[in-house]
Amino acid sequence: MSLQQLVDRHYREVNTNDYSDADDIFSADVVTKPPGSGPLTGIEPFVAYGEGFHRAFPDGRIHGDRYVESGDIVVVEGRFTGTNTGPLDTPAGQIPATGRPMVLPFADLFRVADGKIAEHRIYFDTVGMLAQLGLMQESTAV
Amino acid sequence: MIEARALAERVFAVIDGQCWADYETVMHPDVEMTSPFATLHSAADWAEFSRSFAVAMPDGKHTVTRVVQSGERFAFEGRWTGTHTGPLTTPNGQVPPTGRTVTMPFCAVGTQREGRVSRVRVYLDQLDMLAQLGLVPQPEPADRLAAAR
């Protein structure tokens, strides 16, 4: 299976909120690094992170738009689209649903070892996300 | 086309070296650069953007940790580190130096043409940077935010 196919399997998990095949896709000690949080080790905290997004955006869909792949690494540029109809967990506490739609551009870096994802780094702009939800002004540095 | 690692070294040597006049040696004059901070459409605009950042954080440096290349497409993963020793210009006014050091992880994904960057999109978290500077506005309900405007 190519790296891209592996990633697309993972994106199907996100889009169906069904992580029952996570053991086939991720190493047991996979390290996930999302913005605004320290690294998460293991499949369980990673699934909890995905489910948190699903609670906040039950109609959320992840789209992999462009892939760059070499060696054991694939980088994906994509978008997460959804409507915030559920509570959103933030470091400052839980925020009630805003009802707003969101299109969040992101980059994912995956490192694959022994046919499974061993590392997953997630890059997106939390300011851009909160601004679309009307929770922060979109105006920061420079 | 050149090795993406060599391209990364050249690009960040020019940016971190504050070689404003050399931007077009590493990117096309009509380069498209998209980031959470700004969308830029030329090497000249990019140089101006970097110059304004360098006023706030003159020691700013990129460290590239991983490079991925597939034909003309590239991805650079790394971190940018700088110390806020000068005034930071924001749409809400100037922020005086905080003296704090910021480390900002980034992932830049783009395309090269004839050995120079033609298009790049930079992914990073502005909130992470603001938090490190002690400037984080906490998320708050939309009605309160609207009332404050």
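Going along each chain's sequence as written, the residues are numbered from 1 onward. Each chain gets a letter, beginning with A, and each ligand a number, beginning with 1, in the order they are written. Note on the predicted model: pLDDT of at least 70 is required for a residue's local features to be given, and 80 or more for side-chain atom pairs to be given and counted; whole-chain, interface and lining totals, by contrast, use all residues. Note that the side-chain values use all heavy atoms of the structure and ignore hydrogens as well as water.

S.K.: Got a minute to help me understand the sheet that holds strand β1 (residues 26-33) of chain A in this structure?
M.R.: Neighbouring strands of a sheet are bound in pairs by backbone hydrogen bonds; such pairs are parallel or else antiparallel. Residues and elements named next belong to chain A. In this scheme, strands are said to pair when DSSP sees at least two bridges between them. Each helix is a run of H or I in the DSSP string that is no shorter than four residues. Each strand is a run of E no shorter than two, and both are numbered from the N terminus. Ordered by their spatial adjacency, six strands build an open sheet running β2-β1-β8-β7-β4-β3, and the pairing between neighbours is mixed. At either end of the open sheet lies a strand with only one pairing partner, and these are β2 (40-41) and β3 (61-70). Alignment of β1 against strand β8 (residues 116-123), held across four bridges, turns out to be parallel. Each residue of the ladder has a partner; that of Lys33, found in β8, is Arg121. Throughout, a contact is declared for two residues whenever any of their heavy atoms are within 4.5 Å. Orientation is described by lines fitted to C-alpha atoms, with helices fitted over the stretch in contact, and by angles between N-to-C directions that extend from 0 to 180 degrees. Each of β1, β3, β4 (73-83), β7 (101-113) and β8 touches helix α1 (residues 3-16); the most contacted strand, β3, lies at about 165° to it. Each of β1, β2, β4 and β8 touches helix α3 (residues 43-56); the most contacted strand, β1, lies at about 55° to it.

S.K.: Which parts of the structure should I look at to understand the environment of Phe46(A)?
M.R.: Residues and elements named next belong to chain A. Here Phe46 shows up in helix α3. On the accessibility criterion, Phe46 (3% relative accessible area) is buried. Residues Phe46 and Gly71 lie 25 residues apart in sequence; the distance between their C-alpha atoms is 24 Å. If we ignore the near neighbours within four places in the chain, the residues touching Phe46 are His10, Phe26, Thr32 and His120. Relative accessible area decides the class of each residue, using a 1.4 Å probe on protein chains only: under 20% of the type maximum gives buried, over 50% gives exposed, and in between gives partly exposed.

S.K.: Where do I start with the sheet that holds strand β1 (residues 27-34) of chain B in this structure?
M.R.: Residue and element names in this part refer to chain B. A sheet is described by the order of its strands in space; here six strands give the open sequence β2-β1-β8-β7-β4-β3, paired in mixed fashion. Of all the strands in the sheet, the pair left with one neighbour each is β2 (39-40) and β3 (61-70). Against the sheet, helix α1 (residues 4-16) makes contact with β3, β4 (73-83), β7 (101-113) and β8 (116-123), and its axis sits at roughly 155° relative to β3, the strand it touches most. Running over the sheet, helix α3 (residues 43-56) touches β1, β2, β4 and β8 and is turned about 60° from β1.

S.K.: Even after reading the chapter, I still don't get the environment of Val30(A), so can you show me in this structure?
M.R.: All names here are of chain A. One can find Val30 in strand β1. Through-space distance from the C-alpha of Val30 to that of Ile43 is 6.4 Å; in sequence the pair is 13 residues apart. The contact partners of Val30, leaving out residues within four places of it in the chain, are Leu40, Thr41, Gly42, Ile43, Ile117, Ala118 and Glu119.

S.K.: What am I meant to see in unusual backbone geometry here?
M.R.: Of note in this structure, Asn17(A) is not a glycine but carries a positive phi near 50°. Its place among the elements puts Asn17(A) in the loop between α1 and α2 (22-25). One non-glycine residue with positive phi stands out, namely Glu114(B), at about 50°. With respect to the helices and strands, Glu114(B) occurs in the loop between β7 and β8. Look at Glu114(B) and you get exposed, because its relative accessible area is 65%.

So yeah, pure geometry; function would need other evidence.
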